Each structure stands twice: as structure tokens, then as C-alpha cells.
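Next come the chains, spelled out residue by residue.
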Amino acid sequence: MSSEWIERLAQSRRAVDPMERARREAFLLSHLVLAAAVLVAAPLWIVVNGAPTLGESAIFALAQAPLLSVVALLRLDDLKIARSIAAFGWLALAAACLATGEHSGATAPLGALALIEATLAADLALVSAVAAAALAVLAVAALTAANGGGFFAALLAAPLVAYVVLLARGGVRVEQLRARAEARSARDLRLVSEAAGDLVIAFDEGGAVCSIIGEAAKAYGLEARELMGRGFFQRVHVADRPSFLKLVSDAIATGATMRATLRLRIGDARNEAGQFMEPVFHFFEARSSLVETVAEGERGASVVCILRDVTTERHAAETIEAARRESELAAAGKTRFLANVSHELRTPLNAIIGFSEMLSSEQLAPVDPAKRREYAEIIRNSGQHLLAVVNTILDMSKIESGSMQITPEPFSLPELVDQCVSMMQLKAEQGDVVMSRDYADRLEEIVGDKRACKQIIINLLSNAVKFTPANGRVRIRLYPDGNCLALAVSDSGIGISASDLGRIGDPFFQASACHDRAYEGTGLGLSVVRGLVGLHGGTIAVESAPRCGTSVTVRLPLDCRPYQAKAPALARIETIARRGAIRPADERAATEDRVKKIA
């Protein structure tokens, strides 16, 4: 406990190296013990010798110089000043002993203590000043000696003082040379680290920062004092803290160079109002090496770690990886395009070629006019289907290239939905699918591209009817949602698996797509919807599960004109693989509608 108390007392308000911290601890411990001994000895002196004389009281007061030097260190935070006060305090005590004549024998030892204090300060000016003062005290002692023995003792002490001064001067010189060499090494390392832009940090066994070399931390807006101790550990991403501690412990245990990638918080992202949004982390490649063996109980750095900012490289690698994935998806999309579109184009083309050849041949052409009209109708329908496929592909191409333009105008969305439902009614009746509508009261008009919105509704209804088996139900809902108008198309069809939900909206993708699939289509319907909704600044939510139906909710802003100034982008699709869109109550309503229809 006493050791921890001294360590806390020796803490400096500025960054100091372990050697300086050890000097401060040793100074505080020795001088506090000496001051305590003087305080304890005072009452014992009174008990043994009685009341002190005036000279002894002055000597006792000057004996508190160690305590005064401790106070100076704590207040001024300068060890050199504290040692200067202690050294001149010993000289003042020696002079007091000489002046009182009661304890003149202590003059030489006290002068020696003053020289030791000055030597430990590693300051030649202080050593010279203390030596001169000590010689002056000895000279006075020699002149005032009452007998020849005291005179010769003072004269004999003078060479010893000079000898101590020379030893102190040599020690100070060696200490200064060592300090300069360390300063040059630290400067060279700092220059190298600053030129490389790397953080060079020394850690102890527990991962606490002992020292930081260089000013590279300031390039990231960090101060050295913020990283000292546990400050660095607190800035490491929570998920990377085990890796950081393992980096330090493995370097100590094995003595080998260890590597790891850490995320370090270098600041905070703030909005325009200056409010905190989220922390900002950079990726750093950390390399740690053991530089010394730390004896038990000894403070000091044992691991030096070099941290290099690899955020740019990491983002570049992620960009390359994203481009690679996008390239793979594009290749897969091309394959799906060839598989799906070739089937969609070949089927109507075969019908057009086959029936046109029959009509153009005198031997194969039917005599019955009704039959010829039927063949012509098949050719026309196949041509329309072919034109629709080509138009869809062209629309998707325009959307992806950013050349698709919309023309906003105010219109009533319920009226547009009614038109689309009427267009899909025949197809729904052929598949024995019941379509129902549910509009909220007093819906506002929206400002958007009417043709694009019509295409959105047709595509959603077409998919819902196509993937809903006989006796199924399709429900269309319109309701306000904040500053948007929500269009929800729900069906009781086959649904979509969770593995396919994440790819919904990709061009040419169809859930469970295969060459012999039961449902025709190019896989562009929802992709076109996504692009058109994105041009309006809206969003899409898809909720589905296998054999539980699908619900697609499109949210369109009441006014899309502010979004025209922004770069075109595909709408964000939120997918929910939880439950079907058609609830039991809706199934009962569908059954009632079918009963009424039969009746």
C-alpha cells in the first residue's frame, strides 16, 4: 500500500520517462522518511536533554529542509528545484551548527550531504555553487577553530570537498552524455516514426501505455496524455480488445514479433449542428516486439508496438472486393438473362414464324376464315408479348444507365389503381384469383410520373396474380404513411424462401429459377419497379415465406420533385422473412367473395 501511495504521489502533470519517475519516487521516499525521523526525534530530545536552547531550535527548524523540498516538488513539479532546496538546506544546517558552536562536528558531514544532493541533481552549476558554499563554511570553521586540531581538521576537509566536487563533476558529465545519447536516439526514432507516419508506443505487461515516441498521434487529432495509461486501451474497438491484449502477451511470452489489425477510435462524426453521430475508427496494423525482460516489481515498458494506419488500403481492398462481387453478379446476371430472355423471346418468335408460314402456304393455310383470324390473333399476341419483353429490357437498361427521366404531375393514385385492376381482372379470372381493394379515406393526390406509377402497379399486380394458385386472393391497399403514400400488394401465392429474399430486385433473377420453370417471365418485373420507385425517392418492403404468400409495399413520397435534383439510384428493398402477407381473416374474406361470385 505504501509503495502505491508513493507512486501516486510521484505522478507528474507532464509526460516523464520511467527513469525520471523512479528518481522522483526515490527522492520522495528518502526525504519523507528523513523528515519523519526529525519530527519523531524532537520530543525524544526534549525528554532526554530538556528544553532546547535558541540555537538548537534553529537547528531543528533548518532540519525540516527535506520536508520543504518535498513540498516544492509537489507544488512546482520540478525535481531539480527540489534537490536544490534540499542541498542548500543541508548547507544552511551546517552553517547553523557552526554558528551555534554546539554541534560543529556535524558541519563536514552535512556539507557532504549537500554535495551528494547536488550531484544527484545532475547539474554542474548547482554542484559548483554548493561546493563553493561548502568551502566557505569550512573556511569559516577553520578560522574560528578554538584549537589547532579543529583548524587542521577543516584544512583536511577542504581537499576532500574538492575531491567530491571532481567526482560529482565526472558523474554529472557522464549523466549528461548518457542523456544526450538517449535524446539523440529518441530524436532519431521520432524523426523516423514521423516520416513514416506510424505510431510508436511502449506498453507494459497489462497493455497500459508507458511512453509514446514522436508526434504522429497529433496527425490524428490525439494528444499523448489521452493515450497514456489505459487511454489507448479505451480507444481500441471493443471487438478488437482481446486481440490487442493477446498481441502484448504473446510478444512477452514468445519474444517474437507479433502482428494484428486493430480498430482505433480517432474521433467522432458529427452532424451540421455539431451533435454526436457515431465514433470514427481507423484500421491500424500493429507489430509488437519484446525489448527487455521486466523484473518482478519493476516498472517500465516491456513491449514496443508500431502501428501503421492501413485504413486507405483496407477501404481500397474492400472496394476491389465489392467490384469483384459486382462483376460476378453481372456475369451471373448475364447468364440468367440468356437463360430467361432467350426462352421468352424464342417462344413468341416460334409462334409468329410457325403460324405466319402456315398462313403464307396455300397447302397449309386453313380454308375457314375464323381459323385464319385465330392464327392472326396468335401472331398479334405473340408480337405484343415480344414487344413487351423488349420494352422491359430497354426500360431496365435506361434505369441502370441513369438515362430514365420522369415527368411529375399531380394525379389520384386510387383512380390509377382502379384502371390497373381493371386491366388485370381478366387474367385474374382466368386463373380463378380474387382481387380486392382497400383504400383509406380522403387520400391526397401525389405528384409523380403517372406512366411510371402505372407500370409499377401493373408489374406488382401481374406478379401477384401469376404466382397465386387457383382459388387464391390478391389484395391491394392504399394508405397514408407520414409524408408518403403506401401501396401494398399482397397475395396468398407460393411465397419466397429466405435464401432468395436477399436477391429480390436483382435484374433477371427469379426465385427458384430454372430452365423448366412453371412460371414464365424475364425476372425484370421487380427490378423495373425498384428502379422506377428509386426515381421517385421511394422505398420497397417485401415480406414473404414459402407457401404463405407475399406482400410488397411501395412507399412513394407525396411530391417526388425534390428527388429529381439527386443522382438516380435504385430504391432500397427491405426484406422480412417472417410470415405470409395474407392473414386468416383475409382468407375467409376471399372464400366469401368466391361464394358470392358462384351464387
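Nothing here was measured: the structure is a model prediction, and the numbers come from that model.

A short note on the environment of His31
Here is step 1: Checked against the element boundaries, His31 lands in helix α2 (residues 18–49).
Here is step 2: For the pair His31 and Leu67, spaced 36 residues apart in the sequence, the C-alpha separation amounts to 6.6 Å.
Here is step 3: Residue contacts for His31: discarding those within four places in its chain leaves Pro66, Ser69, Val70, Arg83, Ala86 and Glu117.

Considering the state of the cysteines
Here is step 1: Counted under the stated rule, the structure contains zero disulfides.
Here is step 2: Of the cysteine sulfurs around Cys453, a residue in no disulfide, the closest is that of Cys560, at 7.6 Å.
Here is step 3: The exposure class assigned to Cys453 is buried, which follows from its relative accessible area of 1%.
Here is step 4: Accessibility expressed as a relative area gives 1% for Cys560, which makes it buried.

Quick look at the packing of aromatic side chains
Here is step 1: Applying the stated criterion across every chain, the model contains five aromatic pairs.
Here is step 2: Between Phe355 and Tyr375 the ring centres are 4.9 Å apart and the planes differ by 55°, which places this aromatic pair in the tilted class. A residue pair is termed long-range when its members are at least 10 positions apart, and Phe355 in helix α12 (residues 311–360) and Tyr375 in helix α13 (residues 369–401) qualify at 20 residues.
Here is step 3: A connected cluster of aromatic rings, assembled from ring pairs, spans Phe203, Phe232, Phe233 and Phe244.
Here is step 4: Above the plane of the ring of Phe233 lies Arg241, whose end atom (NZ or CZ) is 5.1 Å from the centre.
Here is step 5: Sitting over the face of the ring of Phe283, Arg314 holds its NZ or CZ atom 4.3 Å from the ring centroid.

Here's the deal with the sheet that holds strand β11 (residues 539–544)
Here is step 1: Taken in spatial order, the six strands make up an open sheet running β7-β9-β10-β12-β11-β13, and their pairing is mixed. Two strands lie at the open edges of the sheet, namely β7 (433–439) and β13 (573–576), each paired on one side alone. Ignoring which end each strand starts from, the neighbouring axes of this sheet average 15° apart.
Here is step 2: The sheet contact formed by β7 and strand β9 (residues 472–481) spans seven bridges and is parallel. Along β9, the bridge assignment pairs Asp438 with Arg477.
Here is step 3: Across the sheet, helix α15 (residues 450–466) is in contact with β7, β9, β10 (484–491) and β12 (550–557); its angle to β10 comes to roughly 20°.

Describing helix α4 (residues 65–76)
Here is step 1: Here α4 spans 16 Å end to end across 12 residues, near enough to the 16 Å set by a 1.5 Å rise per residue.
Here is step 2: Looking only at α4, the buried set comprises Ala65, Pro66, Ser69, Val70, Ala72 and Leu73. All buried residues of α4 project into a common sector of 160° when viewed along the axis, lining one side. Along α4, the residues that are exposed and aim more than 90 degrees away from the buried face are Leu68 and Arg75.
Here is step 3: Asp77 lies just past α4 and shows a positive phi near 55°.

Some thoughts on the environment of Ala253
Here is step 1: Among the structural elements, Ala253 can be located in helix α11 (residues 241–254).
Here is step 2: For the pair formed by Ala253 and Leu290, sequence separation is 37 residues and the distance between their alpha carbons is 8.9 Å.

Examining the side chain of Ser436
Here is step 1: Its location among the elements puts Ser436 in strand β7.
Here is step 2: For Ser436, a relative accessible area of 11% puts it in the buried group.
Here is step 3: Side-chain polar atoms of Ser436 contact the side chain of Arg473, separated by 2.6 Å.
Here is step 4: Non-local contacts of Ser436, meaning those with residues more than four positions away in its chain, are made with Arg473, Val474, Arg475 and Ile476.

Observations regarding the pairing of strand β2 (residues 209–213)
Here is step 1: Two elements, strand β1 (residues 199–203) and β2, share four bridges in a ladder whose sense is antiparallel. From the neighbouring strand, Ala202 faces β2, where its bridge partner is Ser211.
Here is step 2: The turn joining β1 and β2, which pair antiparallel and follow one another in sequence, is formed by five residues; a positive phi near 85° is taken by Gly207.

About the cut-offs
Residues numbered from 1 in each chain as written. Predicted model: local features only at pLDDT ≥ 70, side-chain atom pairs only at ≥ 80, totals over all residues. Heavy atoms only, no water. Helix = DSSP H or I, 4+ residues; strand = E, 2+ residues; numbered from the N terminus. Contact = heavy atoms within 4.5 Å. Disulfide = S-S within 2.5 Å. Buried < 20%, exposed > 50% of the residue type's maximum accessible area, 1.4 Å probe, protein only. Phe/Tyr/Trp six-rings, centres within 6.5 Å; stacked < 30°, edge-to-face > 60°. Lys NZ or Arg CZ within 6 Å of the ring centre and 35° of its normal. Pairing = 2+ DSSP bridges. Axes fitted to C-alpha atoms, helices over the stretch in contact; angles between N-to-C directions. Expected span 1.5 Å × (residues − 1). Arc of directions from axis to C-beta. Polar contact = N/O pair within 3.5 Å; in protein donor to acceptor, adjacent residues only side chain to side chain.

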